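Here are the chains, one letter per residue:
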Amino acid sequence: MSHTCAHQVATYLADLPSPTKAQYHLGPIPIRMYAMCILAGILVAVWLGDKRWRARGGKPQEVVDIAIWAVPFGLVGGRLYHVITTSAPYFGKDGDPVKALYVWQGGLGIWGAIALGAVGAYIGCRRRGASLRTFADAAAPGIVLAQALGRWGNWFNNELYGSHTSLPWGLNVHVMDTTTQTSVIGPDGKAELVAGGPFHPTFLYESIWCVGVAVLCLWADRRFKLGYGRVFAVYVAAYTVGRFWIESLRIDDAHHFLGMRLNDWTAIIVFAGAVGYFVWSRKKCPGRETTPYPAVAAETSETPEDAGEDALTEAALVGEQAGEPGKLEADSEPAAADEASEAGEDASVAAEESEVVVVPAQDGGPDVVSTPTGKASESSNP
């Protein structure tokens, strides 16, 4: 490789570019790349979630039905979290509240998206008679892959970058016009760059981290047969670890508390909750569900148990008697005696009920006696 080519490669690596446009047009229809990245992530999450759901015994296409509830709730929750925690551009001085609805300009908080998305998923699962925890386990790897794809929307929007860096993959960021979704053109006729670059490409760091978390979830689920929401707990715990150190690199405006960004504190709290649930669930519900439908699991768990108890009782009785033949003979003798006694009682009752009829003799002959057997016998008069 020539010195000139090497210099060009080095220059490129030291000047990782950002797009100058975050929006394209298909005729009169605007195609916003941030929205397209989110959409791509949703499609991947539904595809992988459906595949894993069927592997757990779920019905085909049921994940789509649940996603119809979970996705809108998640988008609303993500936007609410962003607007609440970054309220200045919307409700602060010179803010524009209407822009709180401009989702395509970026701004979806994953914490709110997961929290409210879980509410939507619960509604969808409840309508289908499915377990939310089983659904969460099936969906977890797809959700984190959706996050990996969604972060590329920040790249198109030239946002959420980190502090200055001299690393080869430093990112130069353009000053963007949020109205036209294109970069601002400087006096020299070129796209204007944000001063102080290149910057840490935190969107790239998080995207790579999310792919790693998805691989971890798939491996752990296959290796340890996780169930009852523990795959989802692994996803949450692993993601928050990465988000904590990535968040410390970002320089965008954010609320701070005790010297740390709000998202760092959120990551710590959520991590503790995920680990606590994993430990509790492992003790409370070991193993994995046999079916993603709680009603079916309840039916199948009761019937075999009752039948098993009856079979054990009967087997115990037979075994006890078979092991004591003397007892069997002793038990049979009273039974035979009882039967003979009952027969005798019946005979005596019949004899008592029978009447002896004496017919006087005619013309001096012997009397005729009618017996219970129905035969006639002769008797002499005294």
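What you are looking at is a predicted structure, and each value in this text was computed from that prediction instead of being measured.

**Q** Sorry, what's going on with the confidence of the model for the protein here?
**A** Atom-level detail of predicted coordinates should not be read off regions where pLDDT is low. Here the protein shows a mean pLDDT of 82. Residues at 70 or above account for 75%. Model confidence for the protein, summarised as mean pLDDT per element, is weakest for strand 9 (residues 376–379) at 44 and strongest for helix 6 (residues 132–150) at 98. Long-range and interchain partners of residues 9–13, a stretch whose pLDDT sits below 50, account for 4 contacts in this model, where long-range means more than four residues apart.

**Q** So what exactly am I meant to see when it comes to a nonpolar patch on the surface here?
**A** Residues Val241, Phe271, Val275 and Val279 make up a contiguous nonpolar surface patch of roughly 290 Å² in combined accessible area. In terms of residues, the nonpolar patch owes the most to one element, helix 10 (residues 262–284), which gives 3 residues. Residue valine 275 is classed as partly exposed on the basis of its relative accessible area, which comes to 35%.

**Q** Before we go on, may I ask you to explain the side chain of arginine 250 in this structure?
**A** Its place among the elements puts arginine 250 in the loop between helix 9 (230–247) and strand 5 (256–257). A relative accessible area of 11% places arginine 250 in the buried class. In this structure, arginine 250 is in contact with Arg151, Leu160, Tyr161, Gly162, Thr202, Arg243 and Arg261, ignoring residues within four places of it in sequence.

**Q** What should I look at first to understand the pattern of salt bridges in this one?
**A** A side chain of one charge can pair with a side chain of the opposite charge when the charged atoms of the two come close. Scanning the model with the defined rule gives 15 salt bridges in all. Between arginine 250 and glutamate 247 there is a salt bridge, and its shortest N-O distance comes to 3.5 Å. Glutamate 247 matches arginine 250 in its accessibility class, with the two residues each being buried. Close ionic contact of arginine 261 with glutamate 247 constitutes a salt bridge, the shortest N to O distance being 2.8 Å. Here glutamate 247 lies in helix 9 and arginine 261 lies in strand 6 (residues 260–261), a separation of 14 residues in the sequence. Like glutamate 247, arginine 261 is buried.

**Q** Help me understand the pairing of strand 2 (residues 29–32) in this model?
**A** In summary, the side chains of a regular strand alternate between the two faces of the sheet. Looking at chain direction, strand 1 (residues 23–26) and strand 2 are connected through 4 bridges and run antiparallel. Within strand 2, the residue paired with histidine 25 across the bridge is proline 30. Counting the residues that bridge the hairpin from strand 1 to strand 2 gives 2 residues, and of these glycine 27 lies at a positive phi of roughly 70°.

**Q** What should I look at first to understand the nonpolar core in this one?
**A** Trp111, Val144, Val213, Cys217, Tyr235 and Tyr239 are the most contacted members of the largest nonpolar core, which has 22 residues in total. With 7 residues, the single largest contributor to this core is helix 9. In this structure, tryptophan 111 is in contact with Tyr81, Tyr239, Thr240, Arg243, Asn263, Thr266, Ala267 and Val270, ignoring residues within four places of it in sequence. Among the nonpolar cores identified, the runner-up in size contains 11 residues, and Trp53, Val63, Ala121 and Cys125 belong to it.

**Q** Where do I start with the packing of aromatic side chains in this structure?
**A** Two aromatic rings are characterised by how far apart their centres lie and by the angle between their planes. Taken as a whole, this structure holds 14 aromatic pairs when the rule is applied. Note on tryptophan 53 and tyrosine 293: the rings are 6.3 Å apart at their centroids and 80° apart in plane angle, and the pair reads as edge-to-face. Taken as a pair, tryptophan 53 in helix 2 (residues 33–55) and tyrosine 293 in the loop between helix 10 and helix 11 (294–322) lie far apart in primary sequence, 240 residues in all. With respect to burial, tryptophan 53 and tyrosine 293 carry one shared label: buried. Clustering of aromatic rings is evident, with ring pairs tying together Trp152, Trp155, Phe156 and Phe203. When the ring centre of tyrosine 293 is taken as origin, the NZ or CZ atom of lysine 59, which lies over that ring, is 5.6 Å away.

**Q** Explanation requested: unusual backbone geometry in the structure shown.
**A** Most peptide bonds adopt trans geometry, and most residues besides glycine take a negative phi value. Cis geometry marks the peptide bond from glycine 197 to proline 198; its omega dihedral reads 0°. Relative to the helices and strands, proline 198 resides in the loop between strand 4 (182–183) and helix 8 (202–224). We note that aspartate 94 has phi near 65°; this positive angle belongs to a residue other than glycine. Positionally, aspartate 94 belongs in the loop between helix 4 (88–91) and helix 5 (110–128). For asparagine 158, which is not glycine, the phi dihedral falls at a positive 55°. Relative to the elements of secondary structure, asparagine 158 occurs in the loop between helix 7 (152–156) and strand 3 (176–177).

Rules used throughout
- Chains are numbered independently. Their residues run from 1 in the order of the written sequence.
- Per-residue local features of the predicted model are confined to residues with pLDDT of at least 70, and side-chain atom pairs are confined, for both listing and counting, to 80 or more; whole-chain, interface and lining totals are unaffected and use all residues.
- Water and hydrogen atoms play no part in the side-chain values, which are based on all heavy atoms of the structure.
- pLDDT is a residue-level measure of predictor confidence that goes from 0 to 100.
- The way it works is that DSSP assigns letters per residue, a run of H or I at least four long becomes a helix, a run of E at least two long becomes a strand, and they are numbered from the N terminus.
- Any two residues having at least one pair of non-hydrogen atoms within 4.5 Å are treated as being in contact.
- To count toward a patch, a residue needs a relative accessible area over 30% and no salt bridge; like charges are then connected within 9 Å, while nonpolar side chains (Val, Leu, Ile, Met, Phe, Trp, Tyr) are connected within 5 Å.
- Shrake-Rupley sampling with a 1.4 Å probe provides the accessible areas, and residues are treated as covered by the protein chains on show and by no other component.
- Salt bridges, as used here, are contacts in which a Lys or Arg side-chain nitrogen is within 4 Å of a carboxyl oxygen on Asp or Glu.
- Here the term buried applies to any residue with accessible area under 20% of the maximum for its type, exposed to any over 50%, and partly exposed to those in between, with areas from a 1.4 Å probe on protein chains only.
- Any two strands are treated as partners once DSSP identifies two or more bridges connecting them.
- Here, nonpolar core means buried Ala, Val, Leu, Ile, Met, Phe, Trp, Tyr and Cys residues that are tied together by side-chain atoms lying within 4.5 Å of each other.
- Here a Phe, Tyr or Trp ring, Trp counted by its six-membered ring, pairs with any other such ring whose centre lies within 6.5 Å, and the pair is stacked when the planes are under 30 degrees apart, edge-to-face when over 60, and tilted otherwise.
- Two thresholds decide whether a charge sits over a ring: the Lys NZ or Arg CZ must be within 6 Å of the ring centre and within 35 degrees of the ring normal.

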